[in-house]
Each structure stands twice: as C-alpha cells, then as structure tokens.
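Each chain, letter by letter, is given below.
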Amino acid sequence: MKKDILKLGAVLGLILVGLVLGGCGESRSQFAGTYKSVEPFGGKDYIDLDLQENGKGIWILAGKTVEFTWVVNAGKIFIYTKPGAILVVTPTEGGKILSADMTGDWHPGCPPGSCLTFKRVKDGG
Amino acid sequence: MEATEKPEGAETSAGLRLCQLGHEVSVPAGARIVSQGEAPEFFYVIQAGRVRVFRETADRIQTNLTELGPGAYFGEVALVTGQPRSASVEALEDAKLIKVSKEEFDRLLDHNPQLARHIIQQLANWLVAGDRRVEAEVVHQVKLRQISWFDYVLMLGLSLVLSLVVNIYNDNRIPLVHGWGEKNVIPEIALNQAEEMYRKQQAIFVDARKSAFYSQQHIKDATNLPVILFDLMYPMFQFMVAQEGKDKTLVVYGGTFSRRMDIDLARLLKHKGLEHVVVLKDYTGWPKVFPLQEKAATTPGSLDLGFAGFLEWLPVSIFVLILIPPIRRSPYLSVFCRVLLAAIFISFALSKIMRPAVFALNVVDYNLTPAWGVNLWSLALPWGELVVGLFLLLGIRTRAAATLIGAMNVIFIVGLVNAILHHMPINCGCVGEVGEPVNWWKVMKNTGMLVMCIQIFLYDRFLVLDRGGFIFRGRKI
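The model shown is predicted, which means the values in this text are computed figures rather than measured ones.

> Would you take a moment to explain the overall build of chain A for this structure?
What chain A contains, in helices and strands, is one helix and eight strands. What you see in chain A, going N to C, is helices and strands ordered as α-β-β-β-β-β-β-β-β. Every one of the 125 residues in chain A was classed for burial, and the buried ones make up 29%. If you take every contact in chain A between residues at least 6 apart in sequence, the share linking residues at least 24 apart comes to 33%.

Following this line, the structure appears as structure tokens:
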C-alpha cells in the first residue's frame, strides 16, 4: 500500500515537473539583443526594444519606458506587459528581424497597419 | 475459502492421525498447488514453507485471502462440498506438504470426529467472516458513491485559499476586485450629448477595446487605443491629441458588461493629466446613434498548442466509446477519462496561474462577467482547475471532482456558444496564451469533456484513493 502511494506520488511529481518545465519556454539567448523599429511608429518616432536574456525587456518610445517580460515558445516571442497584454512577435532571418503584431492577438501575416517591424542593432541583452 | 490452521486433535484423536496418511511432496517457490475452479482431489497439510491463498477474477484481479505456514492445512472445503476449488494456492517459498487423497480424507473424517468438528467450526467461522467482509465491501462501495457538501467545500475552499495566497506573492498579482477604491470618478456623458459633440466635432472619440473588436465595428473616425496596450501606445496617442487640439473632450467608449475597457482607459488618461475625459453612459447604445465603420468579423489566428492541443482532441473519442455498452460502463474508461481530464485541466491551469491579468482580459472578452467578478473569477478558476484536476488524478472524491469539472465545462460551453453567436473576434483564452480559436469544434471538445465527467460520476470505482483506502489491483482483504 505504502509502495503504491509512493509510486503514485513519484509519477505525479514527474508529471508536474514536466508540465512546469514545459511551461518555461525555450532558450531566449538567440533573440536577446537590442532592436529598433524599421519605420517611425505612427510616422512620429522610432521604438527601441531591448530584450534581455533574463526574460526582462524594455520598450522605449518618445522617451517613455515600459518594462515587460518575454518568453520564447514554438519559435515565437511572447511579450507580456503588466496590464495583461500579450504581443506575439515572429522572428525571421535568425532573429535579426522581428515582426510584432500590435493587435494583441496573432495573425499569420501580421496585419498591415498593426504590424511593427524591428531590426536588430546589437546582440545580447 | 479452504485453508486453516491444523487442529491439535488431528494428531491426538483415537482414530487415524494425519501423519499416518498421504505422502510428502516438495513444492518450489512460486508453484501453483491448487487452481481455482478445478475439480478437488487432494487435501494438503503444510510441513514446511509458506503458501498464499487467493481468488482471481476473469480479468485477473487478484484478492489475497490469507497466508499459511507450517502446521496449517488447506483444500478441505472443496472435498467436503464436492464443488470446484473456490480459491488458488501458490507456494511463497520452497514448501513441503503432506498430500492426502479424497478417499483418505473421507476416511480420516469418519475416524476422527474431533477433526470433523474442527473443520465444521472453521467453515462456520469463515461464513461469518465472509459476511462481514461482504458488508465492509458494500459499505465501502456505498461510501465511494457518496458525495457530500464537504467535498465541494474542500475543493472550492482549497482553490480559493491557494489563489489568494499565491496572488499575494505573485509578481504579476492583480487586485481582487478591479478598480476597488479608485478615487478618480470619471464623468459620464449621455448618448445624445455625445452625438451632438460628434456632429460639431468638439470631441475626440476613443475606442478602448481590443483592436479586433474595433476593426469589426467602431464609431466612424474614432481612434483605437486598446487599454491593454496603453503603456506602449500612449506616446503616439499624445501626438495625435496634440495635433487634433488639446481642448477637445475625449469621449471614451467600450462595450463590455464589466466596463473594464472604457472606464479603465478614461482613468489612465486622467492619470496622464488629460482634463476633459468622459465615458459614454450607455455603453452598448453607441452603434444605434453614431455613424459606424464596419468590417466582417475575422477570427484571430490560431497558434499551435502542441501537446496540449493534441490532448484536447482526445475527449471527442468519448462519443464513440459510449456507443459500446460494455465500455460505456467500464471503470477502466473512468480511469482513462479521469487521467485525460486531469492532464488537460492541470496543464491549462498552469498556463494561466502565473499571469492572472492576461486571463482576466480573456474573461472580459466574453462579456458575461460583471466588473466586480472578473478578477475573482480569473484568480480562482485556474486554481480550481488545478485542484480539481489533481483530485481526479489521485482518485480522491472523484464524483464531486467530476461534478465540478462538469460545471466548469457547462460554463465554458455557454461562453463559447455566446461568443460564436455574437461573432466575437476573440480567442478562447483557455490556455492563457493567444491563438486558440473559438468555434464549434471547441464546443464539441468541451461537450466531450462534459460527457466524460458524467461517465466518471456514474461508473468510477477503480484506482481510487478514497474513503476506506486505496483500491488497486491485487488488493488485500
């Protein structure tokens, strides 16, 4: 009986560890770095995006700084802001170019008008 | 049962003595001495070693009855009743036995009334013990089927306490009631007044909803500033306000029952120092009053959920499985349903627990929850999914757990159907990330899960850790 419960506990533990580890996402190192928007946002100002390897990040627009966290999952970058928004960012060219869907959802083509393109200007976070 | 300890009188009676009968046999460990169901031919007395007496069902579930050592005997019941063997006997270690034939055994009884009386006494004891075991098993099964309010209080209470405690220490914590105690009261404006300002171009109309809702339908020439992207997009909005005229009134509108978008955005704009900010009083009335820009609803794209997405399809198999009567009632199917539902609910819960704010906005999207309930629901639901999922997996209070999972599925189905019928451009939000589509397939998956809950409720009785102990293969009585 005790052995059965121990076995059951071990299996459950493994399942939970697997699930928790699975939820941690993939390595960030490939995409860590500093990026700049290719075009000025709304025709006004460029956006600086700093993705740090520890999962933190900074978005700078018109001198205003917004902090966020980010993870990599299924080859896409998910940016989480404090109020609860998620930006889905699709990296291309090995992470040199990032396409951010500014709708707060994800659309296969990154919708024109709501798509921001960033180019890497510096490696590392 | 047909095994017992040797009575003293067996060797001391005036008649035949056991040691004068039969012949000695050696049995290696693990060998089957007697098989359940076979015709009885011999009676055995153990001289050395230990044996196990057990019953076995057709699907190989074994019930251990007893273990016997030197001096004990077995095999007499079938010889007395003439019925096939009622249990099997297997050597646990190398054993030496005296093997007595049926004729010798009958002769022994004829000449040894003390032994005969002892066997009758043992048979009577077994009958009484058997009745007690049957009663204990019935009581256990009845208790297993019972559900009480305590089960629900336990699971819901545990979920609530965990959600509140973890929220305190979570970096992404959210207030229990959104906007509770906010001093900034935003003035409201009536639809007709707002419409007049619109005509006279005295106001800037700001749509606070997510861009998918805005794209689907918005007041003509209104600006979209999704409240969730406020921090990121406010600098651009500032430019726009500066261009349009700082003195114009900002009329913020949303359209959700919780007023989460419009009132929040208005508060944020006030915090930024903008003076003339108002919200529309009738938050659902604007489509009837203002000229609109509309576009057909487009569902946001769906991202591959990987293993979780595969798991979610498995409940659909229940629609086929319940058509096969023996499987429909099988406790093995209950175990399959429990493990599957637990895996789905636990994995989905873990994806939401650490980011309650993201999930809260998904709850807002469904437009069914009042403002005060959004955060509470967003905090408690993932913990409820996790706790109830674990109860299902461990086999604790499974009927109550199945009821709760079933109730959650009913709520999800209502939300999904409402979203589909109202063409809401939203994602499910079930996994805490973007990308899971809201469609009739999703409804079918949830309906499959609901049917699984009903199956568990009706037939689950195996691999359960519940009142009275853990029921497992080869259980001992």
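> In this structure, what is going on with the sheet that holds strand S13 (residues 223-224) of chain B? I would like to understand it.
Backbone hydrogen bonds hold the strands of a sheet together, and the pairing may be parallel or antiparallel. All names here are of chain B. Taken together, five strands build an open sheet; the order of strands is S10-S15-S14-S11-S13 and the sheet is parallel. What marks the edges here is a single partner per strand, and that holds for strand S10 (188-189) and S13. Taken together, the three bridges between strand S14 (residues 249-253) and strand S15 (residues 277-280) define a ladder with parallel strand orientation. Counterpart to Val-252 in the pairing with S15 is Val-279. Of the strands in this sheet, strand S11 (203-207), S14 and S15 touch helix H9 (residues 260-271), which is tilted by about 175° from S15.

> So what exactly am I meant to see when it comes to helix H16 (residues 371-394) of chain B here?
Given 3.6 residues per helical turn, the α-helix brings residues three or four places apart onto the same face. Residue and element names in this part refer to chain B. The end-to-end C-alpha separation of H16 is 36 Å, in line with the 34 Å expected for 24 residues at 1.5 Å each. Trp-377 marks where H16 bends most, by close to 30°. Counting buried positions along H16 gives 20 out of 24 residues, so the element sits mostly inside the fold. Residue Gly-395 follows H16 closely and has a positive phi angle near 80°.

> I keep staring at the interface of chain A and chain B and nothing clicks. Help me out?
Much of the literature gives interface size as the accessible area that the parts lose upon coming together. Between chain A and chain B, the contact holds 33 residues from the first and 33 residues from the second. Counting residues per element, the ones that place at least two in the side of chain A that touches chain B are helix H1 (2-22), strand S3 (56-61), strand S4 (64-73), strand S5 (76-81) and strand S6 (86-92) of chain A. Per-element accounting of the side of chain A that touches chain B gives the leading share, five residues, to H1 of chain A. Partitioning the side of chain A that touches chain B into residue classes produces 20 nonpolar, eight polar and five charged.

> When you look at the environment of Ile-186 of chain B in this model, what are you seeing that I'm missing?
All names here are of chain B. Looking at where Ile-186 falls in the secondary structure, it is placed in the loop between helix H5 (149-169) and S10. Overall, the presence of 19 C-beta atoms within 10 Å leaves Ile-186 in the partly exposed class. A C-alpha to C-alpha distance of 6.0 Å links Ile-186 and Val-278, two positions 92 residues apart in sequence. When residues no more than four places from it in sequence are discounted, the contact partners of Ile-186 are Ile-263, Ala-266, Arg-267, Lys-270, Val-277, Val-278 and Val-279.

> Would you mind showing me how to read the pairing of strand S1 (residues 33-37) of chain A here?
Regular strands show a simple pattern: their side chains alternate between the two faces of the sheet. All names here are of chain A. Sheet topology note: the S1/strand S2 (residues 47-51) ladder contains four bridges and is antiparallel. Within the sheet, the bridge partner assigned to Thr-34 lies in S2 and is Asp-50. As paired strands, S1 and strand S8 (residues 115-123) are joined by five bridges and run antiparallel to one another. Residue pairing across strands places Tyr-35 opposite Arg-120, the latter belonging to S8.

> Just checking my understanding: could you explain the environment of Gly-415 of chain B for this structure?
All names here are of chain B. Structurally, the position occupied by Gly-415 is in helix H17 (residues 398-421). According to the C-beta neighbour criterion, Gly-415 is buried, with 24 such atoms within 10 Å. Once residues lying within four places of it in the same chain are set aside, the contact partners of Gly-415 are Tyr-366 and Leu-368.

> For this particular structure, what's the right way to read the sheet that holds S1 of chain A?
Overall, antiparallel pairing links the eight strands, which are arranged S1-S2-S3-S4-S5-S6-S7-S8 (chain A) in a closed barrel. Between one strand axis and the next, the sheet turns by 30° as a mean value, whatever way the strands run. In this sheet, S4 of chain A lies alongside S3 of chain A in antiparallel orientation, the contact comprising six bridges. Within S4 of chain A, the position partnered with Ile-58 of chain A by the bridge is Glu-67 of chain A. Relative to the sheet, helix H8 (residues 230-244) of chain B contacts S3, S4 and S5 of chain A, its axis offset from that of S4 of chain A by approximately 140°.

> What exactly am I supposed to notice about the pairing of S6 of chain A here?
Residues and elements named next belong to chain A. Taken together, the four bridges between S5 and S6 define a ladder with antiparallel strand orientation. Bridged to Phe-78 within S6 is Val-88. Between S5 and S6, which pair antiparallel and follow one another directly, the connecting turn spans four residues, one of which, Gly-84, has a positive phi of 110°. As judged from the four bridges shared by S6 and strand S7 (residues 97-101), these two strands associate in the antiparallel manner. Looking across to S7, one finds that Val-89 is bridged to Ala-100. Once S6 ends, the chain turns through four residues before running back antiparallel as S7, passing Glu-93 with a positive phi of about 50°.

> Before we go on, may I ask you to explain H17 of chain B in this structure?
Residues and elements named next belong to chain B. Compared with an ideal rise of 1.5 Å per residue, which puts 24 residues at 34 Å, H17 spans 34 Å between its outermost C-alpha atoms and is within 8% of the ideal. Listing the buried residues of H17 in full gives Thr-398, Ala-400, Ala-401, Ala-402, Thr-403, Leu-404, Ile-405, Asn-409, Phe-412, Gly-415, Leu-416 and Ala-419. Packing partners of the buried residues in H17 comprise H5, helix H14 (331-353), helix H15 (356-366), H16 and helix H18 (440-459). Phi turns positive, to about 50°, at His-423, one or two residues after H17.

Cut-offs and rules
Residues numbered from 1 in each chain as written. Chains lettered and ligands numbered in written order. Predicted model: local features only at pLDDT ≥ 70, side-chain atom pairs only at ≥ 80, totals over all residues. Helix = DSSP H or I, 4+ residues; strand = E, 2+ residues; numbered from the N terminus. Buried ≥ 20, exposed ≤ 12 C-beta atoms within 10 Å, placed from the backbone. Contact = placed C-beta atoms within 7 Å. Pairing = 2+ DSSP bridges. Axes fitted to C-alpha atoms, helices over the stretch in contact; angles between N-to-C directions. Expected span 1.5 Å × (residues − 1). Bend = angle between axes of the 7 residues up to and from the residue. Nonpolar A, V, L, I, M, F, W, Y, C, P; charged D, E, K, R; others polar.

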